[in-house]
Protein chains: 2
Amino acid sequence: MTDRTLIADLAPLPDGPVAVAGWVETVRDQKKVQFVVLRDESGAVQLVRPRPEGDDEVSSAISGLALGSFVRVAGALKHDERVKLGGIEVKVESLDVVAASLPEQPIAADSSIDKRLDHRFLDLRNPVNALIFKVQTTFEHALRTWWVQHGYIEIHTPKLMNSPSESRAELFQVPYFETTAYLAQSPQHFKQMAQAAGFGKVFEIADAFRADPSFTARHATEFTSVDAEISWIDSHEDVMAMHEAVLVAGFEAVREAHGEEVERLLGVTVEVPSTPFPRIPLARAKEIVAERGYTVPRADADMDPEGERRISDFVREEFGHDFVFLTDYATSIRPFYHRRHDDDPALTNSYDLIYRGTEISTGAQREHRIDVLLDQVRDKGLDPAELDDYLEFFRYGVPPHGGFGMGLARVLMLMLGRSSIRETTYLFRGPNRLRP
Amino acid sequence: MTDRTLIADLAPLPDGPVAVAGWVETVRDQKKVQFVVLRDESGAVQLVRPRPEGDDEVSSAISGLALGSFVRVAGALKHDERVKLGGIEVKVESLDVVAASLPEQPIAADSSIDKRLDHRFLDLRNPVNALIFKVQTTFEHALRTWWVQHGYIEIHTPKLMNSPSESRAELFQVPYFETTAYLAQSPQHFKQMAQAAGFGKVFEIADAFRADPSFTARHATEFTSVDAEISWIDSHEDVMAMHEAVLVAGFEAVREAHGEEVERLLGVTVEVPSTPFPRIPLARAKEIVAERGYTVPRADADMDPEGERRISDFVREEFGHDFVFLTDYATSIRPFYHRRHDDDPALTNSYDLIYRGTEISTGAQREHRIDVLLDQVRDKGLDPAELDDYLEFFRYGVPPHGGFGMGLARVLMLMLGRSSIRETTYLFRGPNRLRP
């Protein structure tokens, strides 16, 4: 490995020789002295070099530096309170251009999101954007650690399927040897299969695909889905209890590891939610927003995005909470596999989780009784024959179970106050965005 | 949640009332007494019930139990050394059939692998098979934990691409709105993009797709790829050093958590490899197997599966090691992006990792210098225009970097002495296997 000290680790070192490496963020090429801001994955530091009379190799190299070039630098660390950038600087002794950049950077911090995505590899050099993925790393790892510590099995379900996992709409088809495959819209079928297999509790963080023609800030054609599914539940209440516990673990880890930096770079405070999260039946939530002046303009029983924002405002005012479980969705707007209330088949044992006004997750108890499930398939006008591989899982016994799927990029968008999942996805994919 | 004690947690409890839940593995329905073996995700326990004269509700329920049905049982735990199954049994007081199975199980432990895969959800109830995925969970989590602790960023690269990531062969095409997408054969392009973005060190465990018509024990059309990529390396040696360190962390965690159970159920000892793993240049490896009587029957510079087995035998005999890095593959058999030796452009800074005779991984230093990379693209007869999105990553500077991709199911197959990745993949996908 290149002998170097991470820039973030320089400050505690005594004055003396150091080696650093990174890319050139700015150059101030003055007559008497040259300044370079060098950035690596951990931070930025000022490089300084007094200019010799008549220039030399190093001063010429600095003068010729294209912004963005990767360089290795040897020099002397000096602590100096007057240096704005962390109170340290490195006096350059040698500078080696490892990989020069083209002279013109194609994007700036204020470029349009579309232009930035065209050059995402440069956009991610912005420490604000890089931080998002450090937060993602910590968040995911905390979720997985919680699950592993609680005896969950991690599964990798196939994304190539012989039948749609959710619906025939918004489905990518793949010519597959002599037949056709479909890209999984969710791991729904196969995380339920794990319950039939007696795995008990499983999780998966993986890709899901929707041929969704939407251009909103919340939709993508390919996204990272965070999924869990557990057996032996009594109702969706058990799923919600697990869901909020694992989220708290994730938020705590992020606050601990990045709270200060998120505050500094993004101007956002990472708040760890208290448990239990508020729960409001969907029908009641619609009444509440209506009482507060907004009648959801939908013919069906569902909420809409504006309604979600307004119920979140209510919850924030009433309970001081950023999250709310909307529960007991009408059967008419839920998929066939959601379990219905024993005493009211018009309602399901299900929920959406709303975070700061946006839906981030859907969860439910599943119908595990094959005879009831078959009735529900027919009730939705679906053909049991087309679902046979799925239905087969239930014919040899499945314990009561449920789970949730959650969009990772949405959680990060809302946690970090970003305006779109384009900002919190490594490489966004949308209807007209397949590059780079 | 259903009130129950995991079966594995019964033994330390005192005699007295317990509740358990799981599926029925066997029933011995005798005149004087009924025995049931009940299994859950943690283990199996014997249920016992003295049969009353003229039967009652519980004895009738037990008589009517279809194997595989999920049941809840309340009863009295009793320690009794004579009970073969763990020295405990539960005397049944009540038994509730939560979900009955069809009467006939379609597979048995000795069914063909193809038949077992048709009913994978039942096949995975076999504790031998379930154990594989508990091991997978521990192994992966240890890898990720090592990476997170060493400052790596986890990325989720898109699987929908506008150009092939590896080659035009074995490529799944997806109609994508007005255009065509390709399913990623590896995260190669995008983990390298993270180096251009200055992320420094990244990892990803995710799906990769190959339209590979092979039917071997080692190939699948969809597989879980374990990938890492790091900046500021001097050569592929730095990649190998990281690779072996993270593998050791994984093997240690598996031995610690499952070593005993793997020994008992699979008859295999989990061996933690010592570092450094042996390294042999590929050309020398071919000489060694030739000296030992096997001339690799290939016109090109590559090894073949038999050669890999034989060099592994040699390494086992000579160094007592299960792993060997074969290094410095010929340029002619490596992709355009592998960095070539400074002093011999016919060789690359690359390696394959062989574990117990089978290749599990390819790693390399990448060519990061855009001018050299362009030469190598042309040298391989490729069209730079087709690779433009990838090449663009290099035009604004990229530090020296390298990484590896490793097949998760192959590692597990070899670690656990299974005969095929079909056994170590949750739901195998092959040219004629898209179900369930």
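Cut-offs applied
- Residues numbered from 1 in each chain as written.
- Chains lettered and ligands numbered in written order.
- Predicted model: local features only at pLDDT ≥ 70, side-chain atom pairs only at ≥ 80, totals over all residues.
- Heavy atoms only, no water.
- UniProt positions renumbered as here; feature names shortened; annotations may be inferred.
- Helix = DSSP H or I, 4+ residues; strand = E, 2+ residues; numbered from the N terminus.
- Buried < 20%, exposed > 50% of the residue type's maximum accessible area, 1.4 Å probe, protein only.
- Contact = heavy atoms within 4.5 Å.
- Areas by Shrake-Rupley, 256 points an atom, 1.4 Å probe, with all protein chains shown as cover.
- Lys, Arg positive; Asp, Glu negative; His and termini not counted.
- Charge placed at Lys NZ, Arg CZ, Asp CG, Glu CD.
- Phe/Tyr/Trp six-rings, centres within 6.5 Å; stacked < 30°, edge-to-face > 60°.
- Lys NZ or Arg CZ within 6 Å of the ring centre and 35° of its normal.
- Pairing = 2+ DSSP bridges.
- Axes fitted to C-alpha atoms, helices over the stretch in contact; angles between N-to-C directions.
- Parallel < 35°, antiparallel > 145°, perpendicular 65-115°, else oblique.
- Left-handed = near helix turned anticlockwise from the far one by under 90°.
- Nonpolar A, V, L, I, M, F, W, Y, C, P; charged D, E, K, R; others polar.

Looking at an unreviewed UniProt entry, chain A carries the name Aspartate--tRNA ligase, with the source organism given as Amnibacterium endophyticum. Taken verbatim from the UniProt record of chain A, the Sequence similarities (unreviewed entry) comment is "Belongs to the class-II aminoacyl-tRNA synthetase family. Type 2 subfamily." Within the UniProt record for chain A, the comment given under Subcellular location (unreviewed entry) is "Cytoplasm".

### Some remarks on the overall build of chain A
Across its full length, chain A holds eleven helices and 16 strands. With the C-alpha coordinates of chain A rotated into their principal frame, the extents come out at 90 × 60 × 40 Å. Expressed as a percentage of the 436 residues in chain A, the buried residues total 61%. For chain A, contacts bridging at least 24 residues in sequence account for 64% of all contacts bridging at least 6. Approximately 16,800 Å² of chain A is accessible, and the part contributed by carbon and sulfur atoms is 49%. Charged side chains in chain A number 49 positive and 69 negative. The centres of these two groups are separated by 5 Å.

### Comments concerning the packing of aromatic side chains
Counting across every chain of the model gives 50 aromatic pairs over all chains. Between Phe277(A) and Phe323(A), the aromatic rings sit 4.7 Å apart at their centres with planes inclined by 25°, giving stacked as the arrangement. Here Phe323(A) lies in strand E13 (residues 323–327) and Phe277(A) lies in the loop between helix H6 (236–266) and strand E12 (279–281), a separation of 46 residues in the sequence. Look at Phe277(A) and you get buried, because its relative accessible area is 2%. A connected cluster of aromatic rings, assembled from ring pairs, spans Phe121(A), Phe336(B), Tyr337(B), Tyr390(B), Phe393(B), Phe394(B) and Tyr396(B). Over the aromatic face of Tyr329(A) sits the side chain of Arg334(A), whose NZ or CZ is 3.8 Å from the ring centroid. In this arrangement the basic side chain of Arg28(B) is found over the ring face of Phe35(B), its NZ or CZ atom lying 4.3 Å from the centre.

### What to know about the pairing of strand E13 (residues 323–327) of chain B
Residues and elements named next belong to chain B. With five of five residues buried, E13 lies mostly within the body of the structure. Every second residue of E13 is oriented toward a common face, with Phe-323, Phe-325 and Thr-327 on one face and Val-324 and Leu-326 on the other, all of them buried. Relative to E13, strand E12 (residues 279–281) runs parallel, the two being bridged by three bridges. Residue pairing across strands places Pro-281 opposite Thr-327, the latter belonging to E13. As paired strands, E13 and strand E14 (residues 350–355) are joined by five bridges and run antiparallel to one another. Its bridge partner being in E14, Leu-326 is matched across the sheet by Asp-352.

### Focus: the environment of Ile311(B)
Residue and element names in this part refer to chain B. Inspection of the secondary structure puts Ile-311 in helix H8 (residues 305–319). Once the C-alpha coordinates of Ile-311 and Ser-231 are considered, the two residues, 80 residues apart in sequence, prove to be 31 Å apart. Apart from the residues lying within four places of it in its own chain, the contact partners of Ile-311 are Ile-280, Ala-285, Ile-288, Val-289, Met-303 and Leu-326.

### Some details on the sheet that holds strand E7 (residues 160–161) of chain B
Within a beta sheet, neighbouring strands are joined by backbone hydrogen bonds and run either parallel or antiparallel to one another. Residues and elements named next belong to chain B. Read from one edge to the other, the open sheet built from three strands follows the order E7-E9-E8, with strand pairing classed as antiparallel. The sheet is open, and its two edges are formed by E7 and strand E8 (173–176), each paired on a single side. Here E8 runs beside strand E9 (residues 179–183); their pairing, made up of four bridges, is antiparallel. For Tyr-176, the partnering residue across the bridge sits in E9 and is Thr-179.

### Focus: the packing of helix H4 (residues 127–149) of chain B against helix H11 (residues 408–415) of chain B
Residue and element names in this part refer to chain B. Contact geometry for H4 and H11: axes closest at 11 Å, N-to-C directions at 120°. Between H4 and H11, the interaxial angle falls into the category oblique. Where H4 crosses over H11, the handedness of that crossing is right-handed. Counted together, Val-135, Gln-136, Phe-139 and Glu-140 of H4 and Leu-408, Val-411, Leu-412 and Met-415 of H11 form the full contact between these two elements. Looking at the contact of H4 with H11 residue by residue, the class counts come to six nonpolar, one polar and one charged.

### Let's talk about the UniProt feature "binding site: L-aspartate" (unreviewed entry) in chain A
Residues and elements named next belong to chain A. Under the present numbering, the feature "binding site: L-aspartate" (unreviewed entry) in UniProt falls on Glu-166, Arg-210, Thr-362 and Arg-366. Its place among the elements puts Glu-166 in the loop between strand E7 (160–161) and strand E8 (173–176). Those residues within four positions of Glu-166 in sequence are excluded, and the remaining contacts are Gln-185, Ser-186, Gln-188, Arg-210 and Tyr-337. Sequence-distant contacts of Arg-366, defined by excluding residues within four places in its chain, comprise Gln-188, Lys-191, Gln-192, Glu-229, Tyr-337, His-338, Arg-339, His-401, Gly-402, Gly-403 and Phe-404.

### Focus on the pairing of strand E15 (residues 358–365) of chain B
Residue and element names in this part refer to chain B. Among the eight residues of E15, six are classified as buried, and the element is accordingly described as predominantly covered. As judged from the six bridges shared by E14 and E15, these two strands associate in the antiparallel manner. Each bridged residue has a counterpart across the sheet, and for Asp-352 the counterpart in E15 is Thr-362. The antiparallel hairpin formed by E14 and E15 contains two residues in its connecting segment, where Arg-356 sits at a positive phi of about 50°.

### A closer look at the side chain of His258(B)
Residue and element names in this part refer to chain B. With respect to the helices and strands, His-258 occurs in helix H6 (residues 236–266). The exposure class assigned to His-258 is buried, which follows from its relative accessible area of 10%. In contact with His-258, not counting residues within four places along its chain, are Leu-131, Lys-134, Val-135 and Thr-138.

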